[in-house]
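Each chain, written out:
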Amino acid sequence: MESVSKNSSILIVEDEERARIDTQSLLSKHYERVLSAGSAKEALELYYAHKPDIFIVDIFLPDMNGIDLIKAIRRHFPKACVVVISGTGSVDLLAEAIELNIDRFIKKPFDPSAFLEVIRSLEVRILLERENIHQQKILGEYKKAIDVSNIVSITDKRGVIKYANDMFCRISGYSREELVGQKHNIIRHPEMEDAVFKEMWQQITSKQVWKGVVKNRAKDGSTYIVDSVIVPIVDEYGRIEEYIAIRHDLTELMQKNAIIKRQSTDSLTGLENRIKLIEDIESSSSVVLCLINIDGFSDVNDVYGIEFGDRILALVAKRIVQSLPDRDYRPYRLGGDEFAILLSSAREDYMEVFKKAVESITLEPLLNEGQIVYLTARMGIAINEGRDSLSKASLAIKHAKEMRQGIIIYERHFDLESGYKSNILWANRLFRALGERRIKPFFQPILNLKTGKIEKYEALVRMMDEEKGEVSPFYFLEIAKKTKQYHHITKIMVSEGIQKALESGKEISINLSVEDLENPFTLEYIFGELERYGCGERIIFEITESEGVNNYEQVRNFIKHSKERFGCKIAIDDFGSGYSNFSNILELEIDFLKIDGSIVKNILEDPRSRALLDGITSLSHKLGIECVAEFVSTKEIMESLRESGVDFAQGYYVGKPSPELISSKA
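Residues numbered from 1 in each chain as written. Predicted model: local features only at pLDDT ≥ 70, side-chain atom pairs only at ≥ 80, totals over all residues. Heavy atoms only, no water.

Some points on the nonpolar core
Moving on, step 1. Among the nonpolar cores identified, the biggest contains 64 residues, and I489, L530, I539, F541, F558 and L641 are the most heavily contacted of them.
Moving on, step 2. Counting residues per element, this core draws most heavily on helix α17 (residues 486-504), at six residues.
Moving on, step 3. Ignoring anything within four residues of it in the chain, the contact list for L530 reads I498, C535, G536, I539, F541, F566 and C568. (Core = buried A, V, L, I, M, F, W, Y, C linked by side-chain atoms within 4.5 Å. Buried < 20%, exposed > 50% of the residue type's maximum accessible area, 1.4 Å probe, protein only. Helix = DSSP H or I, 4+ residues; strand = E, 2+ residues; numbered from the N terminus. Contact = heavy atoms within 4.5 Å.)

Topic: a nonpolar patch on the surface
Moving on, step 1. Taken together, the side chains of L367, I372 and Y374 present a nonpolar region at the surface, about 370 Å² in accessible area.
Moving on, step 2. In this structure, L367 sits in strand β14 (residues 366-368). (Patch = residues over 30% accessible without salt bridge, like charges linked within 9 Å, V, L, I, M, F, W, Y side chains within 5 Å. Areas by Shrake-Rupley, 256 points an atom, 1.4 Å probe, with all protein chains shown as cover. Salt bridge = Lys/Arg side-chain N within 4 Å of Asp/Glu carboxyl O.)

As for the pairing of strand β25 (residues 626-629)
Moving on, step 1. Inspection of the sheet shows strand β24 (residues 592-595) paired to β25 by four bridges, in the parallel sense. Within β25, the position partnered with F592 by the bridge is E626.
Moving on, step 2. Taken together, the two bridges between β25 and strand β26 (residues 648-649) define a ladder with parallel strand orientation. In the strand pairing of β26, V628 is matched with F648.
Moving on, step 3. Handedness of the β-α-β unit built from β25, helix α24 (residues 635-643) and β26 comes out right-handed. (Pairing = 2+ DSSP bridges. Right-handed = clockwise from strand over helix to strand, strands pointing away.)

Focus on the packing of aromatic side chains
Moving on, step 1. Per the stated rule, a full pass over the model turns up ten aromatic pairs.
Moving on, step 2. Summarising the aromatic geometry, the rings of Y350 and F354 are spaced 6.0 Å apart at their centres and angled 45 degrees between planes, so their arrangement reads as tilted. Taken together, the residues Y350 and F354, both in helix α13 (residues 350-362) and four residues apart, mark about one turn of the helix. Per residue, the accessibility class of Y350 equals that of F354, and both read buried.
Moving on, step 3. Members of the aromatic cluster, joined through ring pairs, are F527, F541, F558 and F566.
Moving on, step 4. Over the ring of Y486 we find K481, and its NZ or CZ is 5.1 Å from the ring centre.
Moving on, step 5. Here K491 stacks its cationic end above the ring of Y525, 5.0 Å away from the centre of that ring. (Phe/Tyr/Trp six-rings, centres within 6.5 Å; stacked < 30°, edge-to-face > 60°. Lys NZ or Arg CZ within 6 Å of the ring centre and 35° of its normal.)

Here's the deal with the sheet that holds strand β11 (residues 288-294)
Moving on, step 1. Spatially, five strands are ordered β12-β13-β11-β16-β17 in an open sheet, and the strand pairing comes out mixed. Both outer strands of the open sheet, β12 (329-335) and β17 (407-409), are each paired with one neighbouring strand and no more. The average angle at which neighbouring strand axes cross in this sheet is 20 degrees, direction not considered.
Moving on, step 2. Here β11 runs beside strand β16 (residues 377-383); their pairing, made up of seven bridges, is antiparallel. (Axes fitted to C-alpha atoms, helices over the stretch in contact; angles between N-to-C directions.)

Details of the state of the cysteines
Moving on, step 1. Per the stated rule, a full pass over the model turns up zero disulfides.
Moving on, step 2. Cysteine C535 shares no disulfide, and the gap to the nearest cysteine sulfur, in C568, comes to 8.0 Å. (Disulfide = S-S within 2.5 Å.)

Here we look at the environment of H561
Moving on, step 1. Note that H561 resides in helix α20 (residues 552-566).
Moving on, step 2. Sequence spacing of H561 and F527 is 34 residues, and the spatial spacing of their C-alpha atoms is 9.0 Å.
Moving on, step 3. Apart from residues lying up to four places away in sequence, H561 is in contact with F527 and F566.

Next comes the structure, spelled out in structure tokens:
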């Protein structure tokens, strides 16, 4: 039986008695301290009295809505962990809850297991934060103790002293200027044998901690004896950077200190990271935050490689640091190609400073290994937005990209919030559509240009919406990916596609994305359905080439298993879009190449498009691959494709997507 947690307390605020009792009963099986309230007034009294770790609140309450209750709690407990639960609800209230930086939103009715996983994840975060605060306090006390009662020195790899604390200076009799730049033999006592230091160096250069009793000689010739601990400090690659000598055994402390330091420092650039930025924002009364985002940096990684890109990012960090006038401006790397500069004091020159920081990486090219790289970047600035500075600056960056501007200062009238409301609406519509089985395949015919017969169909996903009718995946597919519902859509398309192949005896083409091929649960479901119905020879899997497959080994394994075990065929979709090339295709054992509509639609007017289509067709045939032209919209285009030797045509001229199979061209 699972043990009951005593680490965290929970308060449930729910006006529906049955729901409140059920939720409290569920949580009480796993947590010792679970309180509940049926109104906002009762909730406030319990919260002030018990200060629970996790606050679960229904957005609709009889005496106060959940938003006002959260605001009341946050006024006194700004770091309160808040989970909002609600049914359909008001979009405005949900958007306002998100604006308040709630920790989780859970839609009713919820799955008990998923609900418990959310609460457990929040508990883990709370415990880690609690432990971090505790360790910071301990570290602060240790530092005070070290400063007044311990002898501490830091040397480089050769043993040259880089740092000596006051106690070291006081006991040795040497000034700090006399010690720094010297080796420790400046205080070596003549009675100490060479063998002791030989053993010490062998041990610490092997990355092992050395402990021993050492007799030293002060500047005035007097003797003092210390119990020394020497700790080698290594970087992320395991290379020794320096040695720390402490006159007491503080090994565990130094390890904790290193962990805390790593948590707040970006290992690539040495700048402070997102965690530290958030801490600094929360501890500052006045904040001006600038986010810097490099445009299209993934292209640098694609062209030159990840290691090269990392070195460029390190150079970018160096230039940003060098551009800053003083320590009032603090630089950070938030991850990827995003940097930040924080000003937490009253200054009027920040716009000039921020512009110079961006110009330092955009006006002059960066040089690495003989390669010149030109970069462009955008800035998003939030002024005096308090704890919301990071989210507001991020909104400004997004707005800058959408407006194609270099610098945007966040303003409260930005319409970006409406995008989030729209996302919530579509997420809810998709959730309901999945539950009500309104995600359906429409089948578009594929014509054999040699026989003039329709032999295949592509299954295209549609949502049958209660308000908008047939809805294109343009409106909901990205939302499905972001809300982790994409897997369910793929399962529906695979299941329905296989059933249609069984019913019709025709080949059905099913689209698979990179997300599908990287999801082991999706692959398990696909192979399970193929095994169950045994119709793999009538199934074609289309892999979208334009998504930029990185792990070709994974794709090869999927193709190999699909073809050899089940007899499936493989098509590469959207070939000719983006940076597609035959070097990628040669790695994969495919049957069909679907030529992108951006090429097909222009073949009658653009000689280059026609030449490109002819080249793709010719080379494909030499490789034993058949070609399918997409977006065939007119008879003239179709006849031109037939003359070029293209094998199949697909598009509105052949037939529109339909819930049922079209047996002949309209």
